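# Fold and geometry: a report
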Amino acid sequence: MLKFSRSVSFVYKKYLKLVSKGYEYLENTPDASKGITWAVLKREDDSLFAVCNTHFWWMTGPEHDVIRVDNANQLVNLMKALKNRYNCPVFAFGDMNTTLSSDVFKVYCDNGLNHLYDIAESKDSVSSHHGDPVLGEDGKYHGKKTENDKNCSIDHIIALGSDIKVSQYRIIEDQKALDATDHSPVFADITF
């Protein structure tokens, strides 16, 4: 298990070796800035795992849901390719701009992916999306905790692979995180 201290950079340099990396734009998406970054990492015991980070198309409406399904299919294809090439578990996370009841999660389910929330031993039941911080009289932005449950989350962590255990799946609601953005960070404690 990785123990984080000081910074992610420290952990990466001390405990992980970069095996491969890449980036691809999300196809059929009106915003050319949307894409998937990925990396394959080697742990101290020489085992591998892959991670993908993404930001799906954001607009609402049925025609935009189709774009997110295309985004999901592209992500799934990349995850499968990484799993097959490196024979390792693959994790994907990011702002998927879609809820658990969407067709995106049908794509994930149909392709054998797990939402880490579903397999976590301990989990938070609040939404990752808490609304825009508001500019206060002090000139600083202030966010507040959401009253929405997990079904309103649009930020997710999914996985492709076997023998993955999740002890915790948390929505970080520290005030600094709430003040910084309309999305709360999602954290998972994973063993594989």
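Here the structure is a predicted model, which is why all the values come from computation and not from measurement. (Residues numbered from 1 in each chain as written. Predicted model: local features only at pLDDT ≥ 70, side-chain atom pairs only at ≥ 80, totals over all residues. Heavy atoms only, no water.)

## Section: the overall build of the protein chain
Selection criterion: The way it works is that DSSP assigns letters per residue, a run of H or I at least four long becomes a helix, a run of E at least two long becomes a strand, and they are numbered from the N terminus. Note that the radius of gyration is over C-alpha atoms, with the globule rule given as 2.2 Å times the number of residues to the power 0.38. Accessibility here uses a 1.4 Å probe with only protein chains present; expressed as a share of the type maximum, an area under 20% marks a residue as buried, one over 50% as exposed, and anything in between as partly exposed. Only the protein chains shown count as covering a residue, and every accessible area follows the Shrake-Rupley method with a 1.4 Å probe. In this tally, Lys and Arg are treated as positive and Asp and Glu as negative; His is ignored, and so are the chain termini. Just so you know, the charge point we use is NZ for Lys, CZ for Arg, CG for Asp and CD for Glu.
Scanning the protein chain from N- to C-terminus turns up five helices and 11 strands. Compactness check: the protein chain gives a C-alpha radius of gyration of 17 Å against a globular reference of 16 Å for 192 residues, within 12% of the reference. For the protein chain, the spread of C-alpha atoms along the principal axes amounts to about 55 × 40 × 30 Å. For the protein chain, buried positions account for 41% of its 192 residues. Summed over its atoms, the accessible surface of the protein chain is roughly 10,900 Å², and 51% of this surface lies on carbon and sulfur atoms. In the protein chain, 22 positive and 27 negative side-chain charges are present, and the distance between their average locations comes to 10 Å.

## Examining the pairing of strand β2 (residues 35-42)
Threshold: We call two strands paired when DSSP finds no fewer than two bridges between them.
Where burial is concerned, most of β2 is hidden: six out of the eight residues are buried. As paired strands, strand β1 (residues 17-25) and β2 are joined by eight bridges and run antiparallel to one another. Paired with K17 across the bridge in β2 is K42. Bridge count for β2 against strand β3 (residues 48-55) is seven bridges, and the pairing is antiparallel. Bridge pairing links T37 to N53 in β3. In sequence, β2 turns back onto β3 through a hairpin of five residues, with D46 there showing a positive phi of about 75°.

## Comments concerning the sheet that holds strand β9 (residues 155-160)
With mixed pairing, six strands are arranged side by side in an open sheet as β1-β2-β3-β4-β9-β5. Looking at the sheet topology across the chains shown, the edges are occupied by β1 and β5 (114-115). Relative to strand β4 (residues 90-95), β3 runs parallel, the two sharing six bridges. In the sheet register, A50 faces β4, and the bridge partner there is V90.

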